[in-house]
Amino acid sequence: MQVLNYRQSSLRYKYISMEGLSKVLCPSLLQLNIDIRNIHTLCANIASINSPGITSIEPIFLAVGDFNNDKRLDIIIANFGTDNIGMFFGYANEGFLNAPAYSTGSSSQVTSIAVGDFNNDTRLDVVITNNATNNVKIIFGSGYGTFLYDITYSTGNASQPCSVSVADLNNDNQLDFVVANSGINTISIFLSNGSGTFSNQITYSTGVHSHQYSVSSL
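Residues numbered from 1 in each chain as written. Predicted model: local features only at pLDDT ≥ 70, side-chain atom pairs only at ≥ 80, totals over all residues. Heavy atoms only, no water.

Asks: Any chance you could explain the overall build of the chain here in plain terms?
Replies: Scanning the chain from terminus to terminus reveals zero helices and 17 strands. In the chain, buried positions account for 50% of the 218 residues. Considering only intrachain contacts with a sequence separation of at least 6, the fraction spanning at least 24 residues in the chain is 37%. (Helix = DSSP H or I, 4+ residues; strand = E, 2+ residues; numbered from the N terminus. Buried < 20%, exposed > 50% of the residue type's maximum accessible area, 1.4 Å probe, protein only. Contact = heavy atoms within 4.5 Å.)

Asks: Whenever I open this one, the sheet that holds strand β17 (residues 202–205) confuses me. Can you help?
Replies: Within a sheet, adjacent strands bond to each other through the backbone by hydrogen bonds, running parallel or antiparallel. On the basis of which strands lie adjacent, the open sheet formed by four strands has the order β14-β15-β16-β17 and antiparallel pairing. Every other strand in the sheet has two partners, leaving β14 (161–167) and β17 as the edge strands with one partner each. Taken pair by pair, the neighbouring strands of this sheet meet at an average axis angle of 20°, ignoring direction. Alignment of β14 against strand β15 (residues 176–181), held across six bridges, turns out to be antiparallel. (Pairing = 2+ DSSP bridges. Axes fitted to C-alpha atoms, helices over the stretch in contact; angles between N-to-C directions.)

Asks: Where do I start with empty space enclosed by the protein in this structure?
Replies: Unfilled space is identified by rolling a water-sized probe across the atoms. Considering all chains together, one arrives at two cavities of 30 Å³ or more under this definition. In this model, the second largest cavity occupies a volume close to 30 Å³. Residue composition of the lining of the second largest cavity, grouped by class: four nonpolar, five polar and no charged. (1 Å grid on protein atoms, 1.4 Å probe; cavity = no way out; pocket = protein on both sides within 12 Å on 5 of 7 lines; lining within 4 Å. Points joined across faces, edges and corners; volume = space filled by probe spheres on them. Nonpolar A, V, L, I, M, F, W, Y, C, P; charged D, E, K, R; others polar.)

This is the structure we're talking about:
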């Protein structure tokens, strides 16, 4: 997974997952711009298009995956300003169709999102970081572009989790995830139990005043 980081004059970081995006629009660059609150898909053959348009919700992170099993990649977006995740389904003419948003919790301020099959049902799920409520939430997909239920894990008081990445961290063929906690200068590792649940977090210090803002799997 390739993650690109953008920094603007507001000093707010934007994290953009580009995995598989070239299969949707190639060559392509997906740029998240909070100031004008639109997603701009820039292609070699298209000067600039606003698809999909987003207003007043502060999109801060996106990832891609096939959430409705139609063999086309979809875009899932973390909306910091409205405490939800939004979905845009890919379709044949290289555009996207809007889908209903899923709440991440009141005043949660979602900051990051990662994709994986966490309960081994062959359907894509997502894990998000909620910066203001100091937790991560695993949201389980139906395979039809909707979500069924979620499970929440605390990352600790004042932890302010801001980034999450997915990988098999202990070589048991199950997807785990790691979280960057900018508020307390730590990372948290959650190991999968194989059924959609995870162990209690294992925490490692990143150093005093490190204020890490991103984690990534290689």
